[in-house]
Amino acid sequence: KTREREGVDVAELRIAEFENTVVLYFQTPEPRVNAYALAATLIALADSAKAAARILNSGVEIEIVVEALSSGSFRARVTAIAREAGLFVKNQVITNIIIGVLAAYVYDHTLAKKEPIEVIVQTDEVVVVRGSDRIVVPRNIYEAKQLVEKEPTFARSMDRMLSSTVLDDRVTGFGLAPSLDSPPPEVILNRELLEMRDSSDDEPKTRVVEEDADLYIVKAIMERSGRKWEFKWHGMNISAPIKDPNFYDDFAKHNFTIGPGDEFQARIAIYQKRDDLSGVYSNTKYEVLHVYRHISRPKPGRLALAQ
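Residues numbered from 1 in each chain as written. Predicted model: local features only at pLDDT ≥ 70, side-chain atom pairs only at ≥ 80, totals over all residues. Heavy atoms only, no water.

Caption draft 1: Structural context of the sheet that holds strand S12 (residues 206–219). Ordered in space as S14-S13-S12-S15-S16, the five strands form an open sheet in which the pairing is antiparallel. Where the open sheet ends on each side, the last strands, each with one partner, are strand S14 (236–240) and strand S16 (281–295). Adjacent strand axes in the sheet meet at a mean angle of 45°, parallel and antiparallel pairs treated alike. Summarising the sheet, strand S15 (residues 263–274) and S16 pair through twelve bridges and their orientation is antiparallel. What sits directly across from Ala269, in S16, is Glu287. (Pairing = 2+ DSSP bridges. Helix = DSSP H or I, 4+ residues; strand = E, 2+ residues; numbered from the N terminus. Axes fitted to C-alpha atoms, helices over the stretch in contact; angles between N-to-C directions.)

Shown next as structure tokens:
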């Protein structure tokens, strides 16, 4: 929203409009962006969201999904989804807070690079002012941001996300919008503000990330061993041993039977290695740490019972 203050146009952005969804707006001369720049931005954004979730609510796993792409210049709508113990969390308030924290950090961290900012603390809101730019943040989200930004993993991931937006030389600026149909953001961050210090040397070469996953069985191993099952996960095949000792105990007691296409809701460990050139982590191997729930695929000729 653009307002006028003392004869000067004021560009205002209200973080409360984002809720659990935010649109990444890449300012480009053409309605497209380099796939590598987009992928690196999204991966770093997902890492940031997961780091924020661990600090604000360690019992909830946050997943960032891309729901839609659009032109003008180029837009990607991303949504945060919360899971707990393998199930969707009914109350998604935590996702609204995390998206708000990410958005507030994007502007607060960049606008202060070149000019002093003024922070006005009010009862329910915090207003960040730099020149004619005003970022209005709900106070609970601003306080959550102050807590989260002290975590080095979060700060490094956000710096990598901001720098990734300008890996495409055609991108002249970046901003956030509440929806695909919104007008271009009033507050656009130029390339100079987006380029962050290279902190890749601070990050480990390898790491292990845990998250909840829906795994569809392709190949099962019916004996307790380190042999790898095969699963379909996010549309790709992965191999992983099941490390959960209780799973094999229950299986031996015939508490359930397993068939191809059945689903596990499970906790998995993802082993990753960082590429020195791009700073992006790639997955190298997987382990199933805990099986929360087994879901049988409906048998032919039978109707699935409503639950």
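Now, onward.
Caption draft 2: Fine view of the layout of surface pockets. As a volume, the largest pocket reaches approximately 520 Å³. Around the largest pocket, the lining is made up of 19 residues, and of these Ile43, Ala46, Lys50, Glu211 and Trp233 lie nearest the centre. At five residues, the largest contribution of residues to the lining of the largest pocket is made by helix H1 (residues 35–56). Across the lining of the largest pocket, the residue classes break down as ten nonpolar, four polar and five charged. (1 Å grid on protein atoms, 1.4 Å probe; cavity = no way out; pocket = protein on both sides within 12 Å on 5 of 7 lines; lining within 4 Å. Points joined across faces, edges and corners; volume = space filled by probe spheres on them. Nonpolar A, V, L, I, M, F, W, Y, C, P; charged D, E, K, R; others polar.)

Caption draft 3: Representation of unusual backbone geometry within the structure. With a phi angle near 50°, Glu19 is a residue other than glycine that sits in the positive phi range. In this model, His234 sits at a positive phi of 50°, which is unusual for a non-glycine residue. Inspection of the secondary structure assignment puts His234 in the loop between strand S13 (229–233) and S14.

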